[in-house]
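Structural features, examined
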Amino acid sequence: MTVRIIHNAYIAPIVGKEIANGYLVIDGTTISAIGSGPAPTTPGAELIDARGGLVTPGLVNTHHHLYQWASQGLAKDNTLFEWLVALYKPWSKMDADVVGRAALAGLGWLAKTGCTTTTDHHYIFPKGRGDLFAAEIDSAARIGVRFQPCRGSMDRGVSDGGLPPDEVVETLDDILAATADAIDTYHDASFGSMLQIAVAPCSPFSISKDLLVESATLARAKGVRLHTHLSETLDEEEHCIEQMGCTPVEYMEQVGWLGDDVWFAHAVHLHDKDIATLAATGTGVAHCPSSNARLGAGIARISDLLAAGASVGLGVDGSASAEMVPLAGEVRQAMYMQRAKYGPTALTARQALEIGTLGGARVLGRQDEIGSLEVGKLADIAIWRTTGFYSAVDDPIVAFAYGQTPPLAHLLVGGRTIVEDDVLVSVPQDEAARAGADAHRRLMELAKDVL
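So, how was this worked out
Residues numbered from 1 in each chain as written. Predicted model: local features only at pLDDT ≥ 70, side-chain atom pairs only at ≥ 80, totals over all residues. Heavy atoms only, no water. Pairing = 2+ DSSP bridges. Helix = DSSP H or I, 4+ residues; strand = E, 2+ residues; numbered from the N terminus. Phe/Tyr/Trp six-rings, centres within 6.5 Å; stacked < 30°, edge-to-face > 60°. Buried < 20%, exposed > 50% of the residue type's maximum accessible area, 1.4 Å probe, protein only. Salt bridge = Lys/Arg side-chain N within 4 Å of Asp/Glu carboxyl O. Arc of directions from axis to C-beta. Contact = heavy atoms within 4.5 Å. 1 Å grid on protein atoms, 1.4 Å probe; cavity = no way out; pocket = protein on both sides within 12 Å on 5 of 7 lines; lining within 4 Å. Points joined across faces, edges and corners; volume = space filled by probe spheres on them. Axes fitted to C-alpha atoms, helices over the stretch in contact; angles between N-to-C directions. Left-handed = near helix turned anticlockwise from the far one by under 90°. Nonpolar A, V, L, I, M, F, W, Y, C, P; charged D, E, K, R; others polar. pLDDT = per-residue confidence, 0-100. Polar contact = N/O pair within 3.5 Å; in protein donor to acceptor, adjacent residues only side chain to side chain. Patch = residues over 30% accessible without salt bridge, like charges linked within 9 Å, V, L, I, M, F, W, Y side chains within 5 Å. Areas by Shrake-Rupley, 256 points an atom, 1.4 Å probe, with all protein chains shown as cover. Lys, Arg positive; Asp, Glu negative; His and termini not counted. Charge placed at Lys NZ, Arg CZ, Asp CG, Glu CD. Right-handed = clockwise from strand over helix to strand, strands pointing away.

1. Focus: the sheet that holds strand S16 (residues 423-424)
Sheets are built from strands that pair by backbone hydrogen bonding, the pairs being arranged parallel or antiparallel. Pairing is mixed across the open sheet formed by 8 strands, whose spatial order is S3-S2-S1-S4-S13-S14-S15-S16. The open sheet terminates on both sides in strands that have one partner only, identified here as strand S3 (30-36) and S16. As defined by bridge partners, strand S2 (residues 19-27) adjoins S3 across 6 bridges and the pair is classed as antiparallel. Each bridged residue has a counterpart across the sheet, and for Val-25 the counterpart in S3 is Ala-33.

2. A closer look at the packing of aromatic side chains
As enumerated under the stated definition, the model contains 8 aromatic pairs in all. Ring geometry for Tyr-67 against Trp-91: centres 5.2 Å apart, planes inclined by 90°, an arrangement best described as edge-to-face. In this pair, Tyr-67 sits in the loop between strand S5 (59-61) and helix H1 (80-91) while Trp-91 sits in helix H1, placing the two residues 24 residues apart along the sequence. Per residue, the accessibility class of Tyr-67 equals that of Trp-91, and both read buried. Ring geometry for Trp-83 and Trp-91: centres 5.4 Å apart, planes at 75°, overall edge-to-face. The exposure classification of Trp-83 matches that of Trp-91, with both residues buried.

3. Details of the pattern of salt bridges
For the structure shown, the criterion picks out 24 salt bridges. Where Arg-442 meets Asp-95, a salt bridge forms, and the shortest distance between an N and an O atom there is 2.4 Å. With Arg-442 in helix H14 (residues 429-446) and Asp-95 in the loop between H1 and helix H2 (96-112), this residue pair connects regions lying 347 residues apart in the sequence. On the basis of relative accessible area, Arg-442 is assigned to the partly exposed category, the value being 35%. A residue is classified by how much of its surface remains accessible, and Asp-95, at 9% relative accessible area, is buried. One salt bridge in this structure joins Arg-362 and Glu-354, with 3.5 Å as the shortest N-O distance.

4. Quick notes on helix H8 (residues 272-281)
Listing the buried residues of H8 in full gives Asp-274, Ile-275, Leu-278 and Ala-279. Within H8, the buried residues cover an arc of 130° as seen down the axis, which keeps them to one side. Within H8, the exposed residues directed more than 90 degrees away from the buried face are Asp-272 and Ala-280. Looking at the buried side of H8, the elements it contacts are helix H7 (248-254), strand S10 (262-266), strand S11 (284-287) and helix H10 (302-308). Looking one or two residues beyond H8, the residue adopting positive phi is Gly-282, at roughly 75°.

5. Quick notes on the layout of surface pockets
Of the pockets and cavities examined, the largest pocket occupies roughly 260 Å³. Forming the boundary of the largest pocket are 14 residues, of which Phe-125, Asp-131, Phe-133, Arg-151 and Ala-178 lie nearest the centre. For the lining of the largest pocket, the secondary-structure elements that each account for two or more residues are helix H3 (132-143) and helix H4 (172-186). Among the elements that make up the lining of the largest pocket, the one with the highest residue count is H4 (5 residues).

6. Some points on the packing of H2 against H3
Packed helices, taken two at a time, are described by their axes: the angle between them and the distance between them. Relative to each other, H2 and H3 sit at 35°, their axes nearing to 8 Å. Our pair here, H2 against H3, has a crossing hand that is right-handed. When H2 is examined against H3, the residues Ala-96, Val-99, Gly-100, Ala-103, Leu-104, Leu-107, Gly-108 and Ala-111 are found in contact with a partner set consisting of Leu-132, Ala-135, Glu-136, Ser-139, Ala-140, Arg-142 and Ile-143. Split into classes, the residues belonging to the contact of H2 with H3 amount to 10 nonpolar, 3 polar and 2 charged.

7. Some thoughts on the confidence of the model for the protein chain
Summarising the model, the protein chain shows a mean pLDDT of 96, and 100% of its residues fall at 70 or more. Put simply, helix H6 (residues 234-244) is where the protein chain has its lowest mean pLDDT, 87, and S5 is where it has its highest, 99.

8. Points about empty space enclosed by the protein
If you walk through the whole model with that rule in mind, you get 3 cavities of 30 Å³ or more. Considering only enclosed or pocket space, the largest cavity measures out at about 100 Å³ in volume. Leu-80, Trp-83, Leu-84, His-229 and Glu-232 are the residues nearest the centre of the largest cavity, which is lined by 16 residues in total. Here the lining of the largest cavity gets 3 residues from one element, more than from any other, and that element is H1. Residues belonging to the lining of the largest cavity are distributed by class as follows: 7 nonpolar, 7 polar and 2 charged.

9. Concerning the side chain of His-63
Its location among the elements puts His-63 in the loop between S5 and H1. A distance of 3.2 Å separates the side chain of His-63 from the side chain of His-65, its partner in a polar contact. At 3.2 Å, the side chain of His-63 and the side chain of His-229 are in polar contact. Once residues within four sequence positions are removed from consideration, His-63 is found in contact with Thr-119, His-121, His-227, His-229, Ala-265, His-266, Ala-286, Cys-288, Leu-314, Gly-315, Val-316 and Asp-317.

10. Re a negative patch on the surface
Where like charges cluster on the molecular surface, the negative patch consists of Glu-82, Asp-235, Glu-238 and Glu-242. As for its position among the elements, Glu-82 is in helix H1.

11. Some points on the pairing of strand S7 (residues 146-153)
The side chains of a regular strand alternate between both faces of the sheet. Where burial is concerned, most of S7 is hidden: 8 out of the 8 residues are buried. Both faces of S7 are covered, namely the face carrying Arg-146, Gln-148, Cys-150 and Gly-152 and the face carrying Phe-147, Pro-149, Arg-151 and Ser-153. Examined bridge by bridge, strand S6 (residues 115-122) and S7 share 6 bridges and lie parallel to one another. If you follow Asp-120 over to S7, its bridge partner there is Pro-149. Tracing the backbone out of S6, into H3 and back to the parallel element S7 gives a crossover that is right-handed. Relative to strand S8 (residues 198-201), S7 is paired through 4 bridges, and the arrangement is parallel. Within S8, the position partnered with Arg-151 by the bridge is Val-199. Where the polypeptide runs from S7 across H4 and back to S8, its parallel neighbour, the crossover connection is right-handed.

Following this line, the structure appears as structure tokens:
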């Protein structure tokens, strides 16, 4: 097996003390040693000199919609519900080619911004347009990031009191069959897995109670996780109270959707009792600060969730509600938005970095494999170049988290180089960028009659 040694590094392991000048040894796909001072002499090892750089775990993205790369820049000044109504029509026209190309660009961009593990929540499956789920899985394999696509679904259209148009919803039986097939075909539960599947009905205002209950039963029978949007806007809470007679978190409790195998995207509008419930049940939260700001949804109570002991990770959300948002930038955005609302001690740089790494790993149930730099864990590692202009800041974690993110010198996934010198190398960077532009042009052509 290949041995690689990162040396001359400031190491932020997340768990344990930071190392001002140390080394990290990678044996194949895992970390075999970490320490202070000069690296051990290892004949034949490949050396990566991280002098002046910050070494962190790879970032973990806990919520995304990759297909939305093809619909960036639309519905620019709308609330969430207005934005969805405007975009459901073009989304209903996408095909596997659009999804595959959009995913290649979106995943390449994530890697360039420090991401080594990402989820994706895909919940629109127009009939007769190819295998959209397989298309994004193929793109993830090409980029080389760990992937956890969530087989999403909607079964409650406008005619049933839901928000999405009827033409983009599926039947309950079709959803359950397709979801079970996706798990059976793709899910790999082994240590170091590059591909795991989650079950993810879209949101309370687009799905039936039966779908929620049956999805939870299916996921738990198959041993996979559950994901959905929740409490993103005040409109959603009003919708829930009007139609279900309770708040979103109360509704999730009624249908068996709380537990350490569940995580919710956004969770912006939570009551004190909701925070206590999420913490007590081990239910995770994917915090998407830029998307919440772009749509005017509000600022999530992340400091309160952390204080209560809840699991919180970061998410960039879909590219159509968070255009070109870098995952590393969400570390800063999360920190600054908490401070803007609650004061300058609400979230520190180190807390924000932990949310983006080990916090995300906990949310996805992979904290024993990723999220921190420890012997035996997977070699998912980012090296940030905190030299040059950044060297005026003595604390490299402050240099990373405040202001513009430093260049990414190296990104490793299981010891494999994905990004080098700030350039995507697993797939030619220009090819990934062109794929995203082509996906946009193709979707706009397919949807020209409904735009």
